[in-house]
There are 2 protein chains.
Amino acid sequence: MEMWYTEKHTEHAGITLRVSRTLFSGKSPYQKLEIVETEEFGRMMLLDGLVMVTERDEFVYHDMITHPALFTHPNPRRVLVIGGGDGGTIREIVKHPQVEQAVLCEIDGLVIEKSIELLPSLACELQGNPKVKLHVDDGIAYIKKHTDSFDVILVDSTDPIGPAVGLFEEEFYRTVFAALKSDGIMVAQSESPFFHADIQKKMFSNLRAVFSIVEMYQASIPTYPSGAWSFAFCSKKYHPVEDFDRSRAAERPFETRYYNEDLHLGAFMLPTYVRQNLAIESA
Amino acid sequence: MEMWYTEKHTEHAGITLRVSRTLFSGKSPYQKLEIVETEEFGRMMLLDGLVMVTERDEFVYHDMITHPALFTHPNPRRVLVIGGGDGGTIREIVKHPQVEQAVLCEIDGLVIEKSIELLPSLACELQGNPKVKLHVDDGIAYIKKHTDSFDVILVDSTDPIGPAVGLFEEEFYRTVFAALKSDGIMVAQSESPFFHADIQKKMFSNLRAVFSIVEMYQASIPTYPSGAWSFAFCSKKYHPVEDFDRSRAAERPFETRYYNEDLHLGAFMLPTYVRQNLAIESA
């Protein structure tokens, strides 16, 4: 028997992947969690039936949610991840030598537990690294307790449905702003310009109401809707292009499979249709 | 009854699109041609069961196969398209005021005929434009008859299987080189860095044996395998980044939905895994 997993990205379009076996299927208080083995993309985690990560293309997402902010901020010592229970973002953060503490705040303990068990190439830094602190808590409640605390906050959330819906609202961005130090940076995944133009328009409007610097950048992630994916770079002081120290990024003391010092700049050079949706003027 | 068209991009992964009706299905001497109506992507052309173009995302491909070369060459007067029978590339070429003649050489007359009939938003310039010349001919045979003739040649081919296999070989690139003027540029679609790394490695090795300037650039095309797509920019004289006249591109006298003067530069800033496959050094 052939098993194929099909995710509809819209009512009328999706991707389909051959699955060889299910490694885990269960429900937490928040969502349904499945981890399956695919033939093409390695192990894959699904939340409520949507692809979160695959072993084969997660390097794109995790490089790009992490390194643009951490190579723009001149001295990122305390970094918070909201969501990201698979551990991939934490794994990238702790590669930066300036980082003294990397805090993960994930609402769903089952995601952390099963990632440690079944996705070790992602979750490898969630245990045994003294710089890493884990909190199983609601991200919004957690950051309300911390003001002026973090250099960088990365919002590694699911789509704006279910438990993550509050993570796309202006009130949440104000709380993040308060939790950042006076030169802090927030990056949040910001969906597909191709399929989610309306979500992006609202999200960037909410972000611009809070942060003085708000820029979109893009990355190509094969298993995400349309493959064209984006991130919101929001900052109090440092601009991701104008204040970028290219030589520090070029001399990074670790390997990256997607990110590099040129791509950092190129990722902010957006297609016309994306600019138009966000009302970005040509430079 | 629901109809879904599924294209396998590898043995184990693909996309699936809801189809409302078939507009044409037939065989030419070269391949099977189908044009169907999809719910998400508008009308879609398939050759031998593979997606060639959809009305919704063709703007990415046609902007990006055309404008980087035509805004790098300072005076592109004679432009040849090999393949491209749907007409989308010709439509973009004739927007450039310097172009005096745009020649299409497509091996399969049925593709041209059915595109004119069923894909008018692509084929709109294939009839009635005095600058456009159509040849139903084998591209390799055609260019052998023309030396020192074209400013730009765009190889708008299918994948390197079936009728297009010769369009990825060194001998063909030597023929293109001879057909170009002394400052000519060739651009060819060059498959997906994510799924077709081996094809790319061979293709770029063949290109480097012929052209002194060979650079890859990328674009995000949702209906193509992995969404991460690429083009080869091959040139005798002009470098696509160093010799690029940004202000001429910024002042273009027509609208573009994907291309712009910043994206032109950003498209050449490649992910690390793509650079490594092609053995490109950091700048």
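Residues numbered from 1 in each chain as written. Chains lettered and ligands numbered in written order. Predicted model: local features only at pLDDT ≥ 70, side-chain atom pairs only at ≥ 80, totals over all residues. Heavy atoms only, no water.

The next point concerns the domain arrangement of chain A. All names here are of chain A. Here the domain parsing of chain A yields domain 1 (4–53) and domain 2 (58–278). Inter-centroid distance (C-alpha atoms) of domain 1 to domain 2 is 23 Å. Contacts between the two partners involve 20 residues from domain 1 and, on the opposite side, 22 residues from domain 2. Where domain 1 abuts domain 2, roughly 1900 Å² becomes buried across the two surfaces, and 76% of that area is made up of carbon and sulfur atoms. Summed over the three residues of domain 1 that lose the most area to domain 2, namely His9, Tyr30 and Val53, the buried surface amounts to 27% of that side. There are four residue pairs in polar contact (both at pLDDT 80 or more) connecting domain 1 and domain 2. For the side of domain 1 that touches domain 2, the elements supplying multiple residues, two or more each, are β1 (4–10), β2 (13–27), β3 (32–38), β4 (42–47) and β5 (50–54). By residue class, the composition of the side of domain 1 that touches domain 2 is 13 nonpolar, four polar and three charged. (Domains from an automatic or database assignment. Contact = heavy atoms within 4.5 Å. Buried area = accessible area lost by both parts, 1.4 Å probe. Polar contact = N/O pair within 3.5 Å; in protein donor to acceptor, adjacent residues only side chain to side chain. Helix = DSSP H or I, 4+ residues; strand = E, 2+ residues; numbered from the N terminus. Nonpolar A, V, L, I, M, F, W, Y, C, P; charged D, E, K, R; others polar.)

Take the interface of chain B and chain A next. Across the contact, 46 residues belong to chain B and 46 residues belong to chain A. Carbon and sulfur atoms make up 55% of the area that chain B and chain A hide from each other, which totals about 3700 Å². Looking at the side of chain B facing chain A, the largest losses of area belong to His12(B), Phe194(B) and Met269(B), adding up to 17% of the total buried there. There are two salt bridges connecting chain B and chain A. Taking the shortest distance from any N to any O, the salt bridge between Arg275(B) and Asp262(A) comes out at 2.3 Å. The tally of links from chain B across to chain A stands at 22 residue pairs in polar contact (both at pLDDT 80 or more). Mapped onto the side of chain B that touches chain A, the elements with two or more residues apiece are β1 (4–10), β2 (13–27), β11 (213–220), α9 (261–266) and α10 (272–278) of chain B. Tallying contributions element by element places β2(B) first for the side of chain B that touches chain A, with six residues. Residue composition of the side of chain B that touches chain A, grouped by class: 19 nonpolar, 14 polar and 13 charged. (Salt bridge = Lys/Arg side-chain N within 4 Å of Asp/Glu carboxyl O.)

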